[in-house]
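Below, each chain spelled out in residue letters.
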Amino acid sequence: QVQLVESGGGLVQPGGSLRLSCAASRSTFSILNMGWYRQAPGKQRELVATISSDGNTNYADSVKGRFTISRDNAEKTVYLQMNSLKPEDTAVYYCNAQFRSFASWGQGTQVTVSS
């Protein structure tokens, strides 16, 4: 099993910014795709953004222009820079790492956008 450790969540005012980090610890496997998902109370988990090993990215329409996903392949870490945050972005954010034959999930980090 590969452990993904997340950090960077917290409370921020509308219009503010947060940067989430997720590191694959003690992993000897090469990571293919990495991504971020989120789940708000009463809603299903949804994809926020993904990034491939060569840097190709995809974003949910709701976050395009506001969020940026990036990765450090040497450190096996994925980041999510979140700008212009809205109350609707409030959710538990989960990182994901896809390997050749399995995937791993982070423990989740709470992001709350409120005045």
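This section reports on the structure supplied with the text. All values derive from a computational prediction rather than experimental measurement.

The next thing to look at is the sheet that holds strand β8 (residues 77-82). Spatially, the 4 strands line up as an open sheet ordered β1-β3-β8-β7, and their pairing is antiparallel. Here the strands that pair on one side only, and so sit at the sheet edges, are β1 (3-7) and β7 (67-72). For this sheet, the mean angle separating the axes of adjacent strands, direction not counted, is 15 degrees.

Inspection of the secondary structure puts arginine 71 in strand β7. A polar contact is formed between the side chain of arginine 71 and the backbone oxygen of leucine 32, at a distance of 2.8 Å. Of note is the side chain of arginine 71, whose polar atom sits 2.6 Å from the side chain of asparagine 73. Contacts of arginine 71, omitting those with residues within four sequence positions, involve Ile31, Leu32, Asn33, Met34, Ile51, Ser52, Ser53, Thr77, Val78 and Tyr79.

In the structure shown here, the tally under the stated rule is 4 aromatic pairs. Both rings, one in phenylalanine 29 and one in phenylalanine 99, keep their centres 6.0 Å apart while their planes meet at 75 degrees; by these two values the pair is edge-to-face. Of this pair, phenylalanine 29 sits in the loop between β3 (18-25) and β4 (34-39) while phenylalanine 99 sits in the loop between β9 (91-98) and β10 (103-105), and the two are 70 residues apart along the sequence. Taking the relative accessible area as the measure of exposure, phenylalanine 29 reaches 43% and is therefore partly exposed.

What follows deals with the side chain of glutamate 6. With respect to the secondary-structure elements, glutamate 6 resides in strand β1. Look at glutamate 6: it is buried, it has no salt bridge, and the nearest opposite charge is arginine 45 at 8.0 Å. Of note is the side chain of glutamate 6, whose polar atom sits 3.1 Å from the backbone nitrogen of threonine 109. Sequence-distant contacts of glutamate 6, that is, excluding residues within four places in its chain, are made with Ser21, Cys22, Trp36, Tyr93, Tyr94, Cys95, Gly106, Gln107, Gly108 and Thr109.

Conventions we followed
- Residues numbered from 1 in each chain as written.
- Predicted model: local features only at pLDDT ≥ 70, side-chain atom pairs only at ≥ 80, totals over all residues.
- Heavy atoms only, no water.
- Pairing = 2+ DSSP bridges.
- Helix = DSSP H or I, 4+ residues; strand = E, 2+ residues; numbered from the N terminus.
- Axes fitted to C-alpha atoms, helices over the stretch in contact; angles between N-to-C directions.
- Polar contact = N/O pair within 3.5 Å; in protein donor to acceptor, adjacent residues only side chain to side chain.
- Contact = heavy atoms within 4.5 Å.
- Phe/Tyr/Trp six-rings, centres within 6.5 Å; stacked < 30°, edge-to-face > 60°.
- Buried < 20%, exposed > 50% of the residue type's maximum accessible area, 1.4 Å probe, protein only.
- Lys, Arg positive; Asp, Glu negative; His and termini not counted.
- Salt bridge = Lys/Arg side-chain N within 4 Å of Asp/Glu carboxyl O.

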